[in-house]
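Structural overview
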Amino acid sequence: GSDAGPELARAEVVRRLREREEPITLFGETDNMAFRRLRKLEIIEPEINRGLRNDFQEAMNNVDKAYLQELLKYQGKDGDSKDVHLEQAELTMEDLLELSKSLAKDKDNIEGRCKLVMQFVELILQIWGKKLNSRPDAEKISVMGKKDAATYNQTRSYLKPLTKRLRKRTLPEDILECLVEIVEHCLERNYVGANDAYLTMAIGNAPWPIGVTMVGIHARTGREKIFSKHVAHVLNDETQRKYIQGLKRLITKCQVYYATVPSRCVEY
């Protein structure tokens, strides 16, 4: 009948039926019948789940857009390169272990501690970048491949303010204390310990009633100092929140590159 309006292209009918999670063809149905069925549905329920789906879709698109802008920003600089920018780490894992040992004897060496954290960040980023660059081209240009590169680039940009502060030695003492602890645990391949120290830094003891400051079995020196300063302020500062998020990704990567027994790993 004429009441159905001009008939839509089959592809458009299929798309709209799928959007409504309706079967695209019923048994024995012609294209014209499917079109009429769609029309009837559209008249009975004009706005099916539209709002909900669109909000979600929009959120996803925004994430993708942000990722892509991040990607293009970094990739644009290198012209047509599919490779990510590599960090230049000065120290190897062995060097970091040596430095960590010497710092254990010299607790007040702020410069050395800043160097330890900074070089750890650069080393893990360098390994991660090299792994991304050694992938086959087909993988690099796949959607998943681009997302991996974008995550790396995003993590790098998140950690920039941290390395800057470490270089200038302007990081608050309580945060440096936590970062050194995280790095030391990673160097010992104790990722459970690193994760606990990360949580201490990210959440602090603000949610706890006074008195429950000894969360671990063994009290670590410096813990009292950390707790006395209420590290939870970290989550109130956008820049700090970002570099702490970046650091969390590095702990995860370190666990992959420097594997250990499962009991000292964190599920991710």
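Above this text is the structure in question.
So, here's what we can say about the structure. (Residues numbered from 1 in each chain as written. Predicted model: local features only at pLDDT ≥ 70, side-chain atom pairs only at ≥ 80, totals over all residues. Heavy atoms only, no water.)

**Brief notes about the pattern of salt bridges**
Per the counting criterion, the structure on display carries 13 salt bridges. In this structure, Arg-15 and Glu-12 form a salt bridge, with 3.0 Å as the shortest nitrogen-oxygen distance. Here Glu-12 and Arg-15 lie together in helix α1 (residues 10-19), a separation of three residues that amounts to about one turn. You can call Arg-15 partly exposed: its relative accessible area is 43%. The salt bridge involving Arg-16 is made with Glu-42; its shortest N-O contact spans 3.2 Å. (Salt bridge = Lys/Arg side-chain N within 4 Å of Asp/Glu carboxyl O. Helix = DSSP H or I, 4+ residues; strand = E, 2+ residues; numbered from the N terminus. Buried < 20%, exposed > 50% of the residue type's maximum accessible area, 1.4 Å probe, protein only.)

**Examining the packing of helix α5 (residues 110-133) against helix α11 (residues 238-257)**
As a packed pair, α5 and α11 sit with axes 10 Å apart at the nearest point and diverge in direction by 65°. The interaxial crossing formed by α5 with α11 has left-handed handedness. For the pair α5 and α11, the contacting residues are Phe-120, Val-121, Ile-124, Leu-125, Ile-127, Trp-128 and Lys-131 in the first and Leu-247, Leu-250, Lys-253, Cys-254 and Tyr-257 in the second. Grouping the amino acids of the contact of α5 with α11 by side-chain chemistry returns 10 nonpolar, no polar and two charged. (Axes fitted to C-alpha atoms, helices over the stretch in contact; angles between N-to-C directions. Left-handed = near helix turned anticlockwise from the far one by under 90°. Contact = heavy atoms within 4.5 Å. Nonpolar A, V, L, I, M, F, W, Y, C, P; charged D, E, K, R; others polar.)

**Some details on the packing of aromatic side chains**
Within this structure, the stated rule accounts for one aromatic pair. Ring geometry for Trp-128 against Tyr-152: centres 5.4 Å apart, planes inclined by 80°, an arrangement best described as edge-to-face. Here Tyr-152 lies in helix α7 (residues 143-168) and Trp-128 lies in helix α5, a separation of 24 residues in the sequence. Accessibility classification places Trp-128 together with Tyr-152 in one group, the buried group. The ring of Tyr-198 carries the charged tip of Lys-248 above its face, separated from the ring centre by 5.5 Å. (Phe/Tyr/Trp six-rings, centres within 6.5 Å; stacked < 30°, edge-to-face > 60°. Lys NZ or Arg CZ within 6 Å of the ring centre and 35° of its normal.)

**As for the environment of Cys-265**
If you trace the backbone, Cys-265 turns up in the segment after α11. Once the C-alpha coordinates of Cys-265 and Arg-189 are considered, the two residues, 76 residues apart in sequence, prove to be 8.3 Å apart. Aside from chain neighbours lying at most four places away, what touches Cys-265 is Tyr-191, Val-192, Gln-255 and Thr-260.

**Quick look at the side chain of Arg-249**
Relative to the elements of secondary structure, Arg-249 occurs in helix α11. The class of Arg-249 is buried, set by a relative accessible area of 19%. Side-chain polar atoms of Arg-249 contact the side chain of Thr-155, separated by 2.8 Å. Ignoring any residue separated from it by four or fewer positions in sequence, one finds Arg-249 in contact with Thr-151, Gln-154 and Thr-155. (Polar contact = N/O pair within 3.5 Å; in protein donor to acceptor, adjacent residues only side chain to side chain.)

**Structural notes on α1**
For α1, the set of buried residues is Val-13, Val-14 and Leu-17. Down the axis of α1, the smallest arc covering the buried residues is 100°, so these residues share one side. Here the buried face of α1 lies against α2 (31-44). Downstream of α1 by one or two residues, Glu-21 has phi in the positive range, about 55°. (Arc of directions from axis to C-beta.)

Purely geometric numbers; function is a separate question.
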